[in-house]
Amino acid sequence: MNPALTKIGDQMSNLTGVRAIMKDIIETLRADAGQHFINLSAGNPLILPEVEQLWRDCTAELLASSEYGDVVCRYGSSQGYAPFVEAIANDFNKRYGLNLSDRNILVTAGSQTLYFYAANAFGGYTTSGNLKQIVLPLSPDYTGYGGVCLVPEALVAYKPTLDIDADAHQFKYRPDFSQLSITEDTGCVLFSRPCNPTGNVVTDDEVKKIVALAEPFDVPVLIDSAYAPPFPALNFTEMTPIFGDNILHCMSLSKAGLPGERVGIAIGDERWIHVLECFQTNACLHASRYGQAIAAYAINSGRLVEIAETVIRPFYQNKFAVLEDTLNQAMPANLPWFLHRGEGAIFAWLWLQDLPITDWEFYQELKQVGVIVVPGSTFFPGLREDWQHKHECLRISLTGSDEEIVTGMQRLAKVAQDVYQRLIVRS
Ligand SMILES: Cc1ncc(COP(=O)(O)O)c(C=O)c1O
């Protein structure tokens, strides 16, 4: 018998976006009847030996220190473990010329939690019954935003414009400022930079324009910097983090090799941080302190930034180059395929314009040749209008080996050719 659930209980016990597809992927891999799948669906970062060693070394330092008992045997403040908060403040003040105090920083159990707090503190119904929207200015964006709001109707995403370089088979999404609406009904704005799934880095000017639209309404703009510099530094193009009165700069240590430890960080004006901190106290008291403690060592010694720049970034940037080169060689030049510019993150985003079948059907056909990617339509949370483009894209993870990426993209090119060919035969 199903348990009797509330509206929220029902909503939260359903998985959204890519997490729903993951069920199909896991079942496919389990049923693997001797067929070896090339799995290019994962969002989980790879374990890079230098990164694992860094966390081992920091753990050894923590174990050898007198701090250990205080870290794991005691409750702490909701704001975060003080030496970690201080490490972030010092590093960011020095690196970006800021003037942060501990009151400008909150540590959460992973950044997904942070978006959950923000989406429900700033978005949803006010006490007077007005609906405050959570605005995603550029769709597609992180699939996890689809599950964070307890009031689903509050989530509103905007279609981008497409900047296409047809000869190079490349494109880039840009915010469509002729459509984007930020008003007194906006509760907060949220986007990832670099973006999961597309690898897009919204430009400095575009960020400033979005922030300027939000400023008159005192709306916080959350810039999800899970892939941004200074760590994990998964930007393959120049980019600078942008700070400001109505910006909440949100970070994660997950792509810097600590996803299991769940460390998310918000940096911003005290009035926003205070709201989110209270939300956290009510929800879970505070984030676990072990990950924060070892990260404080890694940040204070400069090792985290160094490894991010010399190991993590080149590793994934190289994977993107392998993928792009393979597609350039294997995809027929006369097909309308476009790879999103690889500006960061750990994914490639492929658009097959006028694809004769849906992205879900294409995903199924790819499975038949032993390759798993993620159908793109799961990455448009909050976008209500029907848009053919939603069904023409695929997210390809850069977490495969070079050989897997090459073989996977060669097979994908063959499937694409067959699928478009069928269209020609039919018409
Ligand atoms: C853009 C983006 N934001 C947030 C998250 C959530 O990360 P975590 O909760 O591990 O910090 C992810 C995870 O993949 C992500 O890709």
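Residues numbered from 1 in each chain as written. Predicted model: local features only at pLDDT ≥ 70, side-chain atom pairs only at ≥ 80, totals over all residues.

- The protein chain is annotated in an unreviewed UniProt entry as Valine--pyruvate transaminase from Cyanomargarita calcarea GSE-NOS-MK-12-04C.
- Turning to the protein chain, the UniProt annotation filed under Cofactor (unreviewed entry) states: "pyridoxal 5'-phosphate". (UniProt positions renumbered as here; feature names shortened; annotations may be inferred.)

**With respect to the nonpolar core**
Argument step 1. Within the largest apolar cluster, 125 residues are counted, with the highest numbers of intra-cluster contacts made by V189, V221 and L350.
Argument step 2. Among the elements that take part in this core, helix α10 (residues 303–330) stands out by supplying eight residues, more than any other.
Argument step 3. Two domains share this core, each providing at least three of its residues, namely domain 1 (7–47 + 306–426) and domain 2 (50–304).
Argument step 4. Every residue in contact with V221, bar those within four places of it in the chain, is listed here: V189, I210, V211, A214, N246, I247 and L248. (Core = buried A, V, L, I, M, F, W, Y, C linked by C-beta atoms within 7 Å. Buried ≥ 20, exposed ≤ 12 C-beta atoms within 10 Å, placed from the backbone. Helix = DSSP H or I, 4+ residues; strand = E, 2+ residues; numbered from the N terminus. Domains from an automatic or database assignment. Contact = placed C-beta atoms within 7 Å.)

**Points about unusual backbone geometry**
Argument step 1. Note that the residue after N196, namely P197, is joined by a cis bond; omega there is 25°.
Argument step 2. Position of P197 among the secondary structure elements: in the loop between β8 (186–192) and α7 (204–214).
Argument step 3. P230 follows P229 through a cis peptide bond whose omega is 10°.
Argument step 4. Looking at where P230 falls in the secondary structure, it is placed in the loop between β9 (221–224) and β10 (247–252).
Argument step 5. One non-glycine residue, D218, adopts positive backbone phi at about 50°.
Argument step 6. You can see D218 is positioned in the loop between α7 and β9.
Argument step 7. Among the residues examined, D218 registers 10 C-beta atoms within 10 Å and is labelled exposed.
Argument step 8. Phi is positive for D354, which is not a glycine, with a value near 55°.
Argument step 9. Within the secondary structure layout, D354 lies in the loop between β13 (347–352) and α11 (359–368).
Argument step 10. Judged by C-beta crowding, with 10 C-beta atoms within 10 Å, D354 ranks as exposed.

**Some points on helix α8 (residues 270–284)**
Argument step 1. End to end, α8 covers 20 Å across 15 residues, agreeing with the expected 21 Å (1.5 Å per residue, within 8%).
Argument step 2. Turning to α8, its buried residues number three or more, namely W272, L276, E277, F279 and Q280. One side of α8 holds all its buried residues, which, seen down the axis, span an arc of 160°. When the buried face of α8 is taken as reference, the exposed residues oriented beyond 90 degrees from it are R271 and N282.
Argument step 3. As for α8, its buried residues are in contact with β2 (105–109), α6 (111–122), β10 and β11 (263–267).
Argument step 4. After α8 finishes, the residue L285 shows a positive phi value of roughly 70°. (Expected span 1.5 Å × (residues − 1). Arc of directions from axis to C-beta.)

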